[in-house]
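# Inside the fold
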Amino acid sequence: MLIKEYRICMPLTVDEYKIGQLYMISKHSREQSGGGEGVEVVRNEPCTDHKHGAGQITEKRIYLNSKLPTWMRKFVPMAFYITETAWNFYPYTITEYSCSFLPRFHVRIETHFENDNGCSENVFGDDPTPKDTICFLDILNDPIPEKHYKSSEDLRHWVSKQTGRGPLVDDWRNSTTPIMCSYKRVTCSFEVYGFQGRTEEFIHKNIRDILLVGHRQAVAWIDEWHGMTIEQVREYEKKQQEETNCQLKSDITSPDSAPPKRPSYTRSISVTDESSLKKMGVKTEDMPDSSSSPSSIKSPLRLNSTPE
C-alpha cells in the first residue's frame, strides 16, 4: 500500500471552485472520450450522510485499455474499464476506484478544499500525514505529459477577462489572492506479488498527471464557468454526460472499430476449488452492495463497485 498527500493550489476561492470543479470534470471527461475509450456515467444522483449531510453520488466506468503499460495489457481483457464511485459533500469528497477483473486493486482519494496556500496540517483530522509523503503540485511550473499540453491552458499566458486574474508568475503561491488548496490523500493498493511496487508507482504517477492537468484546466477555463449557478452547471454536466455516453456506445458497437491487438500468446488458468480462488483474491460468496450506503464513506472499501 502506498499513501501520499497531494496539495494543489489555485487562484480561486473554495466557493468558486464548487462550480469550477463540476464544469472541469464534465468538460475534461468529454474531451478524453473517443475511439471506444473514455468515461461512461452509470449514475449521478443525490445522496445523504449522517455526518456530511446532503451530497451527490456518481458512478462512472472509465475505459482505458490503450493507456495501460504494455506489460499490464497482456493480462487484462480488451474491454477493460475501471469503476469510479465518488461522493461529493463539498468541500469534502471521497473517490474510489475498483476493477472486478483485478480484485486486489484499490484506490481511494479523500479531498478537503481550504482557502489557503497549502500551509494547513492535518486537514483530515486523524493521523497527520508524514512530511516525506506530502507532495506539492504546481499548476504553473510542474511538467505535464506533452499530449496534454495546450498553449491556451498555459497559465504563464492566461488572463481572465471576467475576473481580471492572471497571468501567474513564479512564486505565485505566496503572492496571489485569492488562493485555495485541494488537499488530496491518495491510498493506492495492488497486492499482487511481483507487480505491487511498480503498479502502485504507475498509478500514483498517473494520478499526479491527472491532478495537474485537471486543476490547470479549471483555472484556464474560468471564463467559461465563472458566474454559473449550481443549477446551470448541473444542466451542463447532464448534457455532457449524455453526449459522452452516446459516443462511447456508438464507438464500442461500431463494426468499423478496429479491435485492440491481442498479445502474441495467451494464458489460461482453470481453478475450481474455493481455497485457490481465495488465494487469488476472488470472492466466493455474494457480498452486499454498500456503494450507496453512508456507512461506506467512513473507511476504505473493499472492491465493491472512480475518472477523479
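That block above? That's the structure.
This report concerns the structure included in the present document. Since we're looking at a predicted model, the values are computed, not measured.

A cis amide bond links Y90 with the next residue in sequence, P91, at an omega value of 10 degrees. Tracing the sequence through the fold places P91 in the loop between strand 4 (81-89) and strand 5 (92-98). For the bond from G166 to P167, the omega torsion is -5 degrees, close enough to zero to count as cis. Positionally, P167 belongs in the loop between strand 7 (134-137) and strand 8 (180-190). Of note in this structure, N122 is not a glycine but carries a positive phi near 55 degrees. Considering the arrangement of structural elements, one finds N122 in the loop between strand 6 (105-114) and strand 7. We classify N122 as partly exposed; its relative accessible area is 30%. Phi angles above zero are rare outside glycine, and D171 is one such case at about 65 degrees. Along the polypeptide, D171 turns up in the loop between strand 7 and strand 8. A residue is classified by how much of its surface remains accessible, and D171, at 49% relative accessible area, is partly exposed.

Let's shift gears to the nonpolar core. Counting residues in each nonpolar core, the largest one holds 55 residues, and the members touching the most others are Y17, F105 and V107. Looking at which element gives the most residues to this core, the answer is helix 3 (residues 196-220), with eight residues. Leaving out residues up to four positions away in the same chain, Y17 has contacts with M10, L12, M24, Y90, F113, M180, S182, H215 and A218. Among the nonpolar cores identified, the runner-up in size contains six residues, and I57, W87, Y92 and I94 belong to it.

Between its first and last C-alpha, helix 1 (residues 14-31) extends 25 Å over 18 residues, near the 26 Å set by a 1.5 Å rise per residue. At G20, helix 1 shows its strongest bend, of approximately 30 degrees.

Bringing the sheet that holds strand 7 into the picture now. Across the sheet, which stays open at both edges, the eight strands sit in the order 2-3-4-5-6-8-1-7 with mixed pairing between neighbours. Unpaired on one side and paired on the other, strand 2 (38-49) and strand 7 mark the two borders of the sheet. Neighbour-to-neighbour, the strand axes of this sheet turn through a mean angle of 20 degrees, independent of strand direction. Bridge analysis of strand 1 (residues 2-10) against strand 7 gives four bridges, and the strand direction is parallel. Looking across to strand 7, one finds that R7 is bridged to F136. Each of strand 1, strand 2, strand 3 (53-63), strand 4, strand 6 and strand 8 is contacted by helix 1, which is oriented at about 145 degrees to strand 6, the strand it contacts most. Against the sheet, helix 3 contacts strand 1, strand 6, strand 7 and strand 8, and its axis sits at roughly 10 degrees relative to strand 1.

Rules used in this analysis
- Along each chain, the written sequence defines residue order, and numbers are assigned to residues from 1.
- Per-residue local features of the predicted model are confined to residues with pLDDT of at least 70, and side-chain atom pairs are confined, for both listing and counting, to 80 or more; whole-chain, interface and lining totals are unaffected and use all residues.
- Each side-chain value is worked out from all heavy atoms of the structure, with water and hydrogens disregarded.
- A helix here means a DSSP run of H or I that spans at least four residues, while a strand means a run of E at least two residues long, and both kinds are numbered starting from the N terminus.
- Burial classes follow relative accessibility: with a 1.4 Å probe on protein chains only, a residue under 20% of its type's maximum area counts as buried, one over 50% as exposed, and anything between as partly exposed.
- Residues enter a nonpolar core if they are buried and are Ala, Val, Leu, Ile, Met, Phe, Trp, Tyr or Cys, with the set joined through side-chain atoms within 4.5 Å.
- Here a residue-residue contact requires only that any non-hydrogen atoms of the pair lie within 4.5 Å.
- Residue count minus one, scaled by 1.5 Å, sets the expected span of a helix.
- Bend at a residue means the angle formed by two fitted axes: the first through the 7 residues ending at that position, the second through the 7 residues beginning there.
- Whether two strands pair depends on DSSP finding at least two bridges between them.
- Axis geometry follows a simple rule: fit a line to the C-alpha atoms, using only the stretch in contact for helices, then measure angles between N-to-C directions, giving values from 0 to 180 degrees.

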